Amino acid sequence: MLTVAGQTCGVPVASVRDILGAQVITRVPLAPPEIAGSLNLRGRIVTAVDLRRRLRLPPPDEGQMLMSVVAEHGGDLYALLVDQVSEVMSLKSRHSSRIPQRWSQPGRAFSAGIYRLEDRLLVVLDVSKLLTLSDEG
């Protein structure tokens, strides 16, 4: 389970390669706005994706430390920048609901389903759709 701008989200554990604390991110000239830059992970260059920008959420507070959820897509590694990573949960697909049609883009475009937890909703993000950077959501 992860948090982005106060939103509780999840990604399938099979998509996750690593969880990292705050990292030094090098800006990449002329990159799309959702690309925060790149970072070095054990000698591999990893593209850092700003999930707040990708999901059209407000920017973090100045100086807020972000964590990275590293995922693989198309043979490349990507670091999804999130506010917090909290736990691994086992969810049954039969308890999943479809994303309501009234939800705005890009929430619906990047979501694989929604789960009702005890005190909040958990939106499961589709990592493949998130990392198809030519998609405008």
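A brief look at the structure comes next. (Residues numbered from 1 in each chain as written. Predicted model: local features only at pLDDT ≥ 70, side-chain atom pairs only at ≥ 80, totals over all residues. Heavy atoms only, no water.)

In terms of nonpolar packing, the biggest core is built from 20 residues, with Leu2, Leu51, Leu125 and Leu131 touching the most fellow members. Secondary-structure elements contributing two or more residues to this core are strand 1 (2-4), strand 6 (67-73), strand 7 (76-82), strand 10 (121-125) and helix 2 (127-130). Ranked by residues supplied to this core, first place goes to strand 7 with 3 residues. With residues near it in sequence (within four places) discarded, Leu51 still touches Val4, Leu80, Leu81, Val82, Leu125 and Leu130. Counting 10 residues, the second largest nonpolar core, distinct from the first, contains Leu20, Leu41, Val70 and Ala79. (Core = buried A, V, L, I, M, F, W, Y, C linked by side-chain atoms within 4.5 Å. Buried < 20%, exposed > 50% of the residue type's maximum accessible area, 1.4 Å probe, protein only. Helix = DSSP H or I, 4+ residues; strand = E, 2+ residues; numbered from the N terminus. Contact = heavy atoms within 4.5 Å.)

This brings us to the pairing of strand 4 (residues 35-41). In terms of burial, strand 4 is largely enclosed, as 6 of its 7 residues are buried. Taken together, the 6 bridges between strand 4 and strand 5 (residues 44-50) define a ladder with antiparallel strand orientation. By the bridge assignment for strand 5, Asn40 is matched with Ile45. Linking strand 4 to strand 5, which pair antiparallel, is a turn of 2 residues; within it Arg42 sits at a positive phi near 50 degrees. (Pairing = 2+ DSSP bridges.)

A separate point is the sheet that holds strand 5. One open sheet holds the 5 strands; their spatial order is 3-6-7-5-4, and the pairing between them is mixed. Bordering the open sheet on either side are strand 3 (16-20) and strand 4, each of which pairs with just one other strand. Neighbouring strand axes in the sheet, compared pairwise and without regard to direction, differ in orientation by 30 degrees on average. By the bridge criterion, 7 bridges tie strand 6 to strand 7 in an arrangement that is antiparallel. Bridged to Ser68 within strand 7 is Leu81. (Axes fitted to C-alpha atoms, helices over the stretch in contact; angles between N-to-C directions.)

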